[in-house]
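Understanding the architecture of this molecule
The lines below spell out each chain.
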Amino acid sequence: KIEINNLTKVFGKSGEQIVAVRDLDLTIPDGDFLVLVGPSGCGKSTTLRCIAGLETVIDGTITIGDQDITDAKPKSRSIAMVFQNYALYPHMTAQENMSFGLKMTTDLSGDEISRRVQDAAAMLGIEELLGKKPGSLSGGQQQRVALGRAIVREPEAFLMDEPLSNLDAKLRTQMRTELQDLQQKLGISTIYVTHDQTEAMTMGDKIAILNHGKLQQLGTPLECYYQPQNQFVAGFIGSPS
Ligand code: ATP
Ligand code: MG
């Protein structure tokens, strides 16, 4: 379970401050898939970066399971993040990209690390690619490697920031289904950021709609579609009027 209470994040000095996230409350039950949507600049990435510990929080608390991680170091959070641009190391093979984080941040044995990488590769169907470097992989293959790198950490939460937006439409549709199957199989609580309404409506157990850093509605896709709480939600989702 991921719980966010009253999260607020402000950028800039006084006088020219930007409130990126304001008083945000979100609860993601164990194993749930939450889609966080909203227009460009509404605070989606900032929210994820606060949860991952990549931004300092101004106010509010973040807990995972029963652990308050609001001020914990990024490394000590049981979280894996997947980005739009994959962020793979170009000089390392897929195998090395997937094992590097574990080598640096855990005391797991080499055997355990290899086992995890093999298991994740099998799950993602990329066993044949383990010896290749990112430059010789397609976008979809690179994104699978990036997912593999997240899975091997066996985190309590996945944070994904527009992970499919660099893929062409056909591959995106295919990867959506793969990602959902994978998330269900692993049962890891997930926050998935997108500005794509189709992804929001089809992928999430629940969706959270943000605008100007404020939560507009949290509900199932159908609730948000048929019972939008305000004009913004109705317009954004394209609710019938
Ligand atoms: P997009 O869909 O374009 O990725 P987003 O919803 O992820 O948008 P954020 O990146 O979270 O939006 O940005 C929220 C607000 O905070 C924006 O107004 C942005 O300009 C501002 N912001 C984000 N990061 C910083 C930063 N490091 N310094 C100053 N302002 C920032
Ligand atoms: Mg963003």
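Overview of the structure.

About the cut-offs
Starting from 1, residues in each chain are numbered consecutively following that chain's sequence as written. Ligands are numbered from 1 and chains lettered from A, in the order in which they are written. Under the rules for a predicted model, residues below a pLDDT of 70 receive no local features and side-chain atom pairs below 80 are neither given nor counted, while totals for whole chains, interfaces and linings still include all residues. Values shown for side chains rest on all heavy atoms present in the structure; no hydrogens or waters enter the calculation. At least two DSSP bridges between two strands are needed for those strands to be called paired. Every helix listed is a DSSP run of H or I at least four residues long, and every strand listed is a run of E at least two residues long, numbered separately from the N terminus. The axes used here are C-alpha line fits, helices contributing only the stretch in contact, and every angle between their N-to-C directions lies in the interval 0 to 180 degrees. In this description, contact between two residues means that some pair of their heavy atoms is separated by no more than 4.5 Å. In this text, near means that some heavy atom of the residue lies within 4 Å of the molecule or strand in question. We define a polar contact as two N or O atoms separated by no more than 3.5 Å, with the added condition that, inside protein, one atom must be a possible hydrogen donor and the other a possible acceptor, whereas residues neighbouring each other in sequence contribute only through side-chain atom pairs. Areas reported as accessible are Shrake-Rupley estimates using a 1.4 Å probe. Residue values count occlusion only from the protein chains shown. Asp, Glu, Lys and Arg are counted as charged, while Ala, Val, Leu, Ile, Met, Phe, Trp, Tyr, Cys and Pro are counted as nonpolar; the rest, among them Gly, fall into the polar class. In plain terms, two cysteine sulfur atoms within 2.5 Å form what is called a disulfide here. Buried residues are those whose accessible area, probed at 1.4 Å on protein chains only, stays under 20% of the maximum for their type, while exposed residues exceed 50% and partly exposed ones sit between those limits.

1. Comments concerning the sheet that holds strand E8 (residues 189-194)
- The six strands are arranged E6-E7-E8-E3-E9-E10 in an open sheet whose pairing can be described as mixed. Of all the strands in the sheet, the pair left with one neighbour each is strand E6 (79-82) and strand E10 (214-219). The sheet shows a mean angle of 15 degrees between the axes of neighbouring strands, taken without regard to direction.
- Sheet analysis places E6 next to strand E7 (residues 157-161), joined by four bridges and oriented parallel. Bridge pairing in E7 places Val 82 opposite Met 160.
- Of the strands in this sheet, strand E3 (33-37), E7 and E8 touch helix H5 (residues 169-186), which is tilted by about 160 degrees from E8.

2. Observations regarding the site of ligand 1
- If you check the shell around ligand 1, you find Phe 11, Ile 18, Ala 20, Pro 39, Ser 40, Gly 41, Cys 42, Gly 43, Lys 44, Ser 45 and Thr 46 and nothing else.
- Side-chain polar atom of Ser 45 to an oxygen atom of ligand 1: 2.8 Å apart, as the coordinates give it.
- Relative to its unbound accessible surface of 640 Å², ligand 1 loses 61% to contact with the protein.
- Residue assignment for the shell around ligand 1 shows that the elements contributing at least two residues are strand E2 (18-28) and helix H1 (44-52).
- A total of three residues in the shell around ligand 1 trace back to one element, the largest contributor, which is H1.
- Of the residues in the shell around ligand 1, the class split is five nonpolar, five polar and one charged.

3. A word on the state of the cysteines
- In this structure the tally under the stated criterion is zero disulfides.
- The thiol of Cys 50 is not disulfide-bonded; the next cysteine sulfur, from Cys 42, is found 13 Å away.
- With no disulfide of its own, Cys 224 has Cys 42 as its nearest cysteine by sulfur position, at a separation of 14 Å.
- For Cys 224, a relative accessible area of 0% puts it in the buried group.

Without other data, these values stay purely geometric and don't point to any function.
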